[in-house]
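So you can see what is in the structure, the chains are spelled out below.
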Amino acid sequence: MHQKKDTSKVMRQIDESLRHVYREIANDDVPDRFKDLLERLKEQDTPNEK
């Protein structure tokens, strides 16, 4: 029984740590090189107006 409690505690700590890391990454800005790439791709999709 004691091992199950320890495992549960460890699982909660892992869960909290993963959530914390995910929140940090989700709030990061998109790097400029990715923004540039997305802009170039968007330009390719847009038909040239003449």
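Keep in mind the model is a prediction, meaning the values are calculated, not measured. (Residues numbered from 1 in each chain as written. Predicted model: local features only at pLDDT ≥ 70, side-chain atom pairs only at ≥ 80, totals over all residues. Heavy atoms only, no water.)

**With respect to the overall build of the protein chain**
Within the protein chain, the secondary structure is distributed over 2 helices and 0 strands. Taking 10 Å as the expected radius of gyration for a compact globule of 50 residues, we find that the protein chain reaches 22 Å, considerably beyond that expectation. Each principal axis of the C-alpha atoms in the protein chain carries an extent, and together these give about 75 × 15 × 10 Å. Charged side chains in the protein chain number 11 positive and 12 negative. The centres of these two groups are separated by 10 Å. (Helix = DSSP H or I, 4+ residues; strand = E, 2+ residues; numbered from the N terminus. Rg over C-alpha atoms; globule rule 2.2 N^0.38 Å. Lys, Arg positive; Asp, Glu negative; His and termini not counted. Charge placed at Lys NZ, Arg CZ, Asp CG, Glu CD.)

**Quick notes on the environment of Lys-4**
Relative to the helices and strands, Lys-4 resides in helix H1 (residues 2-26). Overall, the relative accessible area of 64% leaves Lys-4 in the exposed class. Between the C-alpha atom of Lys-4 and that of Arg-33, which follows or precedes it by 29 residues, the distance is 47 Å. (Buried < 20%, exposed > 50% of the residue type's maximum accessible area, 1.4 Å probe, protein only.)

**A word on the packing of aromatic side chains**
Under the defined criterion, the tally for this structure stands at 0 aromatic pairs. Directly above the aromatic system of Phe-34 lies the positively charged group of Arg-33, at a separation of 5.2 Å from the ring centroid. (Phe/Tyr/Trp six-rings, centres within 6.5 Å; stacked < 30°, edge-to-face > 60°. Lys NZ or Arg CZ within 6 Å of the ring centre and 35° of its normal.)

**Focus: the environment of Tyr-22**
Position of Tyr-22 relative to the elements: it lies in helix H1. In this structure the C-alpha to C-alpha distance between Tyr-22 and Arg-33, which are 11 residues apart in sequence, comes to 22 Å.

**What about a nonpolar patch on the surface?**
Residues Val-30, Phe-34, Leu-37, Leu-38 and Leu-41 make up a contiguous nonpolar surface patch of roughly 430 Å² in combined accessible area. The topology assignment puts Leu-41 in helix H2 (residues 32-45). (Patch = residues over 30% accessible without salt bridge, like charges linked within 9 Å, V, L, I, M, F, W, Y side chains within 5 Å. Areas by Shrake-Rupley, 256 points an atom, 1.4 Å probe, with all protein chains shown as cover. Salt bridge = Lys/Arg side-chain N within 4 Å of Asp/Glu carboxyl O.)

**Quick look at a negative patch on the surface**
Taken together, the side chains of Glu-24, Asp-28, Asp-29, Asp-32, Asp-36, Glu-39 and Glu-43 present a region of like negative charge at the surface. Looking at the negative patch, the element that brings in the most residues is H2, giving 4 residues. In this structure, Glu-24 sits in helix H1.

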